[in-house]
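So the chains spell out like this:
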Amino acid sequence: MANKNNSVLPGFKLTLGYTVLYLGLIVLIPLACTFWKASALTWDQFWHIVTAPRVMASYRLSFGASFLAALLNLFFGLLVAWVLVRYQFWGKRFVDALVDLPFALPTAVAGIALTAVYAPNGWIGHWLAPLGIKVAYTWLGVLVALTFIGLPFIVRTVQPHCAHRATGAGGFRPRN
């Protein structure tokens, strides 16, 4: 006689329970508290808060840097994907692995590492400081971080399409 407890996904109910619990604790409860707190405000109070100068500056930084990073990632992501698919060169496997580096780093670690590298005494920052270019703790640093984090998503999304175009429709390209 077949056992009803045998399922295709063993432990699914327990895993789903943990997922929903953590989703509630980390996302849903703080989000609900935000709406609850905002609902206690009058429309004028709410409008005054969301249009305060600091809040508007945060909107400009967030949306502006995200837009510019998306444009940079679009251009350089397409270029890197095309080069990786189309050409054979020394160090290609290293560049391919380097594209995946942001996937391997937690976002906070990537931010700390980029801050250290672009600080005035960092590997790259000490070359930029005499030119008057400050990257760490500026909007430019946010742009660099967003570009660094987002580039692999473009490259890995576009690579199969570049490979398809490079080989022709359904054809195979011989390896060099």
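The structure this text deals with has already been given above.
Cut-offs and rules
Residues numbered from 1 in each chain as written. Predicted model: local features only at pLDDT ≥ 70, side-chain atom pairs only at ≥ 80, totals over all residues. Heavy atoms only, no water. Axes fitted to C-alpha atoms, helices over the stretch in contact; angles between N-to-C directions. Helix = DSSP H or I, 4+ residues; strand = E, 2+ residues; numbered from the N terminus. Left-handed = near helix turned anticlockwise from the far one by under 90°. Contact = heavy atoms within 4.5 Å. Nonpolar A, V, L, I, M, F, W, Y, C, P; charged D, E, K, R; others polar. Buried < 20%, exposed > 50% of the residue type's maximum accessible area, 1.4 Å probe, protein only. Phe/Tyr/Trp six-rings, centres within 6.5 Å; stacked < 30°, edge-to-face > 60°.

Caption draft 1: How the structure looks around the packing of helix α3 (residues 53–86) against helix α4 (residues 92–99). As a packed pair, α3 and α4 sit with axes 11 Å apart at the nearest point and diverge in direction by 145°. Seen along the crossing, α3 lies across α4 with a hand that is left-handed. Across from Val80, Leu84 and Val85 in α3, the residues of α4 making contact are Lys92, Val95, Asp96 and Val99. Of the residues contributing to the contact of α3 with α4, the split by class is five nonpolar, no polar and two charged.

Caption draft 2: Examining unusual backbone geometry more closely. Of note, Tyr137 is a non-glycine position whose phi angle comes to about 65°, a positive value. Mapped onto the fold, Tyr137 is located in the loop between α7 (125–128) and α8 (139–167). Using a relative accessible area of 73% as the deciding quantity, one classes Tyr137 as exposed.

Caption draft 3: A look at the packing of aromatic side chains. Inspection of every chain in the model, using the stated rule, returns four aromatic pairs. Ring geometry for Trp43 and Phe46: centres 5.7 Å apart, planes at 35°, overall tilted. Placement of both Trp43 and Phe46 in helix α2 (residues 43–50) is noted, with a separation of three residues, approximately one turn of the helix. These aromatic residues form a ring-pair network of at least three members: Trp43, Phe46 and Trp47.

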